Structures are given as structure tokens and as C-alpha cells.
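Below, each chain spelled out in residue letters.
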Amino acid sequence: MCGIVAYIGKKQAYPIILKGLKRLEYRGYDSAGIALLHDNQINLYKRQGKVANLEEFAANKDLNGTSGIGHTRWATHGAPNDVNAHPHYSTDGNLALIHNGIIENYDTLRKELILHGYVFKSETDTEVLVHLIDDIQKNEHVSIAEAVRLALLNVVGAYAIVVISKENPNQLIAARKSSPLVVGIGGEGDFYLASDATPIVEYTKRVVYLEDEEIAIVDLNDGLKIFNINNQEKTPYIQQLELQLEALEKGGYEHFMLKEIHEQPRSIRDCFRGRMNADEGWVSLGGIKEYEQKMINAQRIVMVACGTSWHACLVGEYLFEDLARINVEVEYASEFRYRNPIINENDIVIAVSQSGETADTMAALELAKSKGATILGICNVVGSSISRITDAGSYTHAGPEIGVASTKAFTAQVTVLTLMAVSLAHKKGTISETKFHTMLAELEAIPEKVKMVLEKNDIIEKIALEYKDATNALYLGRGSSFPVALEGALKLKEISYIHAEGYPAAEMKHGPIALIDEEMPVFVIATKGTSYEKVVSNIQEVKARKGKIIAIVTEGDETVKEIADHVIEIPDTDEHLVPILATIPFQLLSYHIAVMRGCNVDQPRNLAKSVTVE
Ligand code: G6P
């Protein structure tokens, strides 16, 4: 994980870098640090904890400099303390470096460097890089840029780095492999470098996304030059950012998560805008159009993802199988890649990822690609690594998601998967024309219905107050509501630190029922549909053991109301679309409980939004 940001130009670098680090804090917040080049001196300030700690610490220091690098860390090697914080210095203080990724062969490199007389201050894998570059430069008498290139040839692992040096004060050197890096080209001959475009968008819309094993040299005299690791120069491909600055701000909400929950009527609409029309009766996902026949013919589709995105895939599995009758397997990306899976050219592998940078998901895709499968992506971040390595895909268009707990990205992923399933089913003829038209009409009505669910906020807040001190919680659902139960439990545990488990409702009696007593809240999705009666029986089983039932029901339901301790009504919709609506009360519930417990909602402990380490 980790976020990196750098600037070189005529402006003061510190405020730009500091603001950039705040934007990238979702990538990790174990420590933060900045190195500024001023008067032939590299001033380095770093602090354990959030960027705010660094800001406080640096407040009365020399913060001058028109060139600098900054880092916000999610610890992998070494504890989250001041010493392990980036940037890391060379012994003579002539160069400093920031890094996002993992140097897998760091131990071997470290031992070699110790033999060469280097003394390590930190426990990080990153410090080997700075000494390695220094060692190569001194022994081979090459430029810093060349030393960086030669050093990277010796490195196994993932990296996005930026190097600043006293020797070349007009230059920053950056490189990437498997960790993202964007170069922003400013209007005054200045340059911005960052893990994603959010720290850059305020200053320029012209960006270049570096490819794997590319090295970028930004030079105040020579401009931007890009080379591959074999030293061949490449022409930078400049893209125009579409990101809007307002999307990165809280817009009057107390937390990003709350803002993002409330954005869902809009984000879902943006997701299907231009992709379907219920009146005219069509659906078309431009990005994957060419691959639809292949998807229909595929013996199976494998969906790979992690975390919340994996839950979206589980909903996708129900949709694809039930509507389009296409066999789907859902895999944790991390497990898939280490299992020697059977994949061939007829397989289609779809990666679902908000960030488009998750290392395990990337690796799973690379594996599938190497075996000849067609690889597709469903990503939120435009220009992300996954969106670039896939053969084709569909963006979710949910807009930047900054709260670490995923909300609007999930409902957008489910919306894209629904569009895909409906489109494939229609083409394949596995749903009737009537069903096709009802599905489109229902989808079009979903944003309004999401709004109606959001209006239940006060009821949900009251329920939150009652259960905020619970130590355990159970979430139950059946069919496509089972992934909603998993997602509900994940939201609660990740932001409020209450232990929670999601289960298929019928599985409860095979274990979790033993946990039920009067202290245990059980959240159940009991909306009208195929398994309604069965779920009602499960609710009875919980009540018989004095558990507390909080049920999500279809508007007007009277049966569950009589048995449950609390009900949250959601509007009636097609059964296939229930996951989108049913997930919203759980998002709000976790949010309120986390706030009541005094937790850091947007940046829960130990987590990061973009997991670029395996
Ligand atoms: C992290 C985030 C989760 C996210 C998961 C997968 O764990 O905290 O919110 O669901 O990574 O991320 P992706 O970007 O691939 O969807």
C-alpha cells in the first residue's frame, strides 16, 4: 500500500505535498514523511501516525524548497514508527527516496550492502533501495538516473519510487513496477508525481500513467523523459484527467463514508447512464460488447476479487447463473493464484476491483492471462492498473471513493454485474422479453428507491444506539442476499471493531446458533421472494433462543414485524435487485455504530483502501 507524492517546479513544494498526502492517506496512515530540497540540503521530516502528526511536527521547521517528496505508510516490514517512516536517506544524506511496494529480495540485498559497509537505520525493505542506488552510483560512477535503473534490475518485487538528490536538484527520478504511479505535467514547466491522480487534479489535468518497469525523469530543463528498464526511450502518452476536484471533498458531510453512502442514488444512475434505456428497451455495455458472444459461449466465467469486491462477485454469480444461465465461479484472488487453477483459452476471468490496484487481483489476472484466458475488468478508478492490463471491461463510474470502507463502489459493482447479466440473458434468450423489460424498468427505478432507503436513516440510527455495545453480531441472508449478509458483517467489523459474521440463513443451525443468546443481535435480510418463508423460520429459531432480530423486510410486510425486535422496510423491487437496496441499511447501521463508539470511520485501524501488497 502506501501513498507517494512529489513535486518539482517553481512553487513551494511543502503545501502541495502535504495536501497530496492527505488525499492519499486512504492508502495507509501508519506514518508520514517529507523530504524537501533547499539550498543544497535535503531536509527530512517524518512522524509515526497520520499526516496531521507530521504537519504538527514540521510546523516550525525549515519548510522551504521547490522540490520534494512525501510518503504516507501502511507498514509491511518494520513497526510503524518514526525511524521506519519514509523517506529514507542515503548515509551521506545526498539522496532520499520514497517507496510503495515490497522488495522481496531485500534480505539478500541488505546482507550484501552490509558487507559493503552500509549501516541500516530502519527495519524496512525500502532502505536497501536507497543504499543500493548510492552504492551503484559511487562504484560505477554513473548518473543517479542510471544508478536507479541498474539498482532496479537487481530488485525482485513491487515498487513505485521517487528519488530526490542533491546532485541533480533540477530532477526527480521515478519508477514503477506493480505499484501505481502517475506523472502530472503542470503548466509552468513543473511536475507532480503521485500514487494516483487525486493529489494532482487540482493543479493539472494532463497526466501520464507510468507502465510497469518504466522510469520517468522529470527535469526542470529537459522536461519529462520516460525510459524502459532496458534504457530505451519511450514517448509519453499524455491523458486528460476527467476527475473533478469536488469529488475529493466531503461536501458538508461529517465523514467521507457518509457522503459516499448518500451519493448512491447518483452513483448508481451514473453507472447505468448511457448503458440502458427502459423505454426504448435496450442495454449495452460498450466496453465488453465485443466479448459478449464469447461470454455466452464460455463454459464458465471465473470472477476474482478481494474484500467487498468479492462480495459483489458473489451477487454477480447469482445474477449470471439465474438470468443468463452461465456457469460462474467466484474466487478470492489471493487463493486462486496459488492453487494452480485449471484455466484455458475458453475461460473468461473477470476481475472486480474498486481501486484497480489490488495486488492479489492483479496477480490472479496475470496468471489467467498467461494461460490464455480472456481477462475482463470491472473497476472504479479510471486508468488503474487492472483497467489497463485487461482485454476489455466496464468502469463503475461511482466517482472517487475515499472512505476506507467501501460503500458506493459495491452498489456500483453490483449494478454493472446486473447490467451484464441482463444483457447476456437477453442475447442468449434465457429470459423472456417481459422479464427483460421489467428488469430494465426496475433498474431505472433503483436510484429513487435507494433514496427512500436513505430516508430510513433515523430509524437505523436508533437501532444503532441500541446495539452499539454488542460484542458480536450475526448477519443472515439467503440467495443473493447471502453476500449482502457477508458485506453487512464486514462493514460492521471493519469500522466499529465489533466481531461479526455473515452466514447463509439456513447454515445458522450448523454452528452459529450455539452463539445465540439475549445479547446477540442477528441482522436478517427477510425480503419477499423465493426463500422468504424459510428465512422467517430461521428468524423463529433465533427468537426461540432469545436472540435479537433486526430484519430488513419488504415494505408492508406484517409477518416479520410481529416476530422481529426491529424491522427496516425497503421498497419492493425485482428479487435480483434486492442486494442493492438491502445493503444500504447495513452501511448506515455500521456507520452510526462506529461514530457512537468513537471510531475513526474513514480510516479504520490497520486497514488501507488500496492493498498493493500481496
Ligand atoms: C481493501 C479495502 C476494501 C476492498 C478490498 C479490495 O481491503 O479496504 O474496501 O474491498 O481492499 O479492493 P479493490 O480495490 O480491489 O476493490
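Residues numbered from 1 in each chain as written. Predicted model: local features only at pLDDT ≥ 70, side-chain atom pairs only at ≥ 80, totals over all residues. Heavy atoms only, no water.

*Asks:* Which residues make up unusual backbone geometry, and what are the values?
*Replies:* With an omega of -5°, the peptide bond between His86 and Pro87 qualifies as cis. Relative to the elements of secondary structure, Pro87 occurs in the loop between β4 (67-73) and β5 (88-89). If you check the backbone angles, Ser178 has positive phi at about 65° while not being a glycine. Tracing the sequence through the fold places Ser178 in the loop between β8 (171-177) and β9 (182-185). The class for Ser178 is partly exposed, based on a relative accessible area of 29%. With a phi angle near 70°, Lys546 is a residue other than glycine that sits in the positive phi range. (Helix = DSSP H or I, 4+ residues; strand = E, 2+ residues; numbered from the N terminus. Buried < 20%, exposed > 50% of the residue type's maximum accessible area, 1.4 Å probe, protein only.)

*Asks:* Give me the pattern of salt bridges: which residues, what numbers.
*Replies:* Counting across every chain of the model gives 32 salt bridges. Lys259 is the partner of Glu263 in a salt bridge, and the nearest nitrogen-oxygen pair spans 3.4 Å. Across the pair, exposure class does not vary: Glu263 and Lys259 are buried alike. The partner of Arg337 in a salt bridge is Asp360, and the shortest N-O contact between them spans 3.2 Å. One end of the pair, Arg337, is in the loop between α10 (333-336) and β20 (348-353); the other, Asp360, is in helix α11 (residues 359-370), and 23 residues separate them in sequence. When salt bridges that share partners are traced, they join Lys259, Glu263, Arg266, Asp270, Arg273 and Lys408 into one network. (Salt bridge = Lys/Arg side-chain N within 4 Å of Asp/Glu carboxyl O.)

*Asks:* Give me the lowdown on helix α9 (residues 307-324), citing residues and values where you can.
*Replies:* Taking 1.5 Å as the rise per residue, α9 with 18 residues should run 26 Å; its terminal C-alpha atoms sit 25 Å apart, in good agreement. Where burial is concerned, most of α9 is hidden: 13 out of the 18 residues are buried. (Expected span 1.5 Å × (residues − 1).)

*Asks:* Talk me through helix α4 (residues 126-140); I want residue IDs and the actual numbers.
*Replies:* In this model, α4 (15 residues) spans 21 Å end to end at C-alpha, consistent with the 21 Å of a helix rising 1.5 Å per residue. With 12 of 15 residues buried, α4 is to be regarded as a mostly interior element. Taken together, the buried positions of α4 are occupied by Thr126, Glu127, Val128, Leu129, Val130, His131, Leu132, Ile133, Asp134, Asp135, Ile136 and Gln137. Buried positions along α4 lie against β5, β6 (95-103), α3 (106-115), α5 (144-153) and β7 (157-165). Backbone geometry just after α4 places His141 at a positive phi near 50°. (Contact = heavy atoms within 4.5 Å.)

*Asks:* Could you give me a rundown of the sheet that holds β5, with the residues and numbers involved?
*Replies:* Taken together, the seven strands give an open sheet; going across it, the order is β5-β6-β7-β8-β12-β13-β14, and neighbouring strands pair in antiparallel fashion. The open sheet has two edge strands, β5 and β14 (233-234), and neither has a second partner. Relative to β14, strand β13 (residues 223-228) runs antiparallel, the two sharing two bridges. Note that in β14 the partner of Ile226 across the bridge is Lys234. The sheet contacts of α4 involve β5, β6 and β7, and relative to β6 the element is tilted by about 135°. (Pairing = 2+ DSSP bridges. Axes fitted to C-alpha atoms, helices over the stretch in contact; angles between N-to-C directions.)

*Asks:* So, empty space enclosed by the protein: which residues are in play, and what are the values?
*Replies:* One pass over the full model with this rule turns up two cavities of 30 Å³ or more. The space that makes up the largest cavity amounts to roughly 70 Å³. Along the wall of the largest cavity there are 13 residues; nearest its centre are Cys2, Arg73, Thr76, His86 and Asp125. When grouped by side-chain class, the residues that make up the lining of the largest cavity number four nonpolar, seven polar and two charged. There is about 30 Å³ of room inside the second largest cavity. Lining the second largest cavity, in full, are Val5, Ala6, Tyr7, Ile16, Ile17, Tyr192, Leu193, Ala194, Pro199 and Ile200. Those elements that place two or more of their residues in the lining of the second largest cavity are β1 (3-8), α1 (13-24) and β10 (191-194). (1 Å grid on protein atoms, 1.4 Å probe; cavity = no way out; pocket = protein on both sides within 12 Å on 5 of 7 lines; lining within 4 Å. Points joined across faces, edges and corners; volume = space filled by probe spheres on them. Nonpolar A, V, L, I, M, F, W, Y, C, P; charged D, E, K, R; others polar.)

*Asks:* Describe the sheet that holds strand β21 (residues 374-379), naming the residues involved and giving the relevant values.
*Replies:* The parallel open sheet is built from five strands, whose spatial order is β19-β18-β20-β21-β22. Edge positions in the sheet fall to β19 (328-332) and β22 (392-395), since each of these pairs with one other strand and no more. Going across the sheet, the axis of each strand differs from the next one's by a mean of 20°, ignoring polarity. Direction of pairing for β21 relative to β22: parallel, over a ladder of four bridges. Residue pairing in the sheet places Gly377 in a bridge with Gly393 of β22.

*Asks:* Account for the pairing of β13, naming residues and giving values.
*Replies:* For β13, the buried fraction is high: five of the six residues fall into the buried class. The pairing of strand β12 (residues 214-219) with β13 spans six bridges and is antiparallel. Bridge pairing in β13 places Glu214 opposite Asn228. The turn linking β12 back onto β13 is made up of three residues. Following β13, the chain reverses through four residues before pairing antiparallel with β14; Asn231 in that reversal takes a positive phi of roughly 75°.

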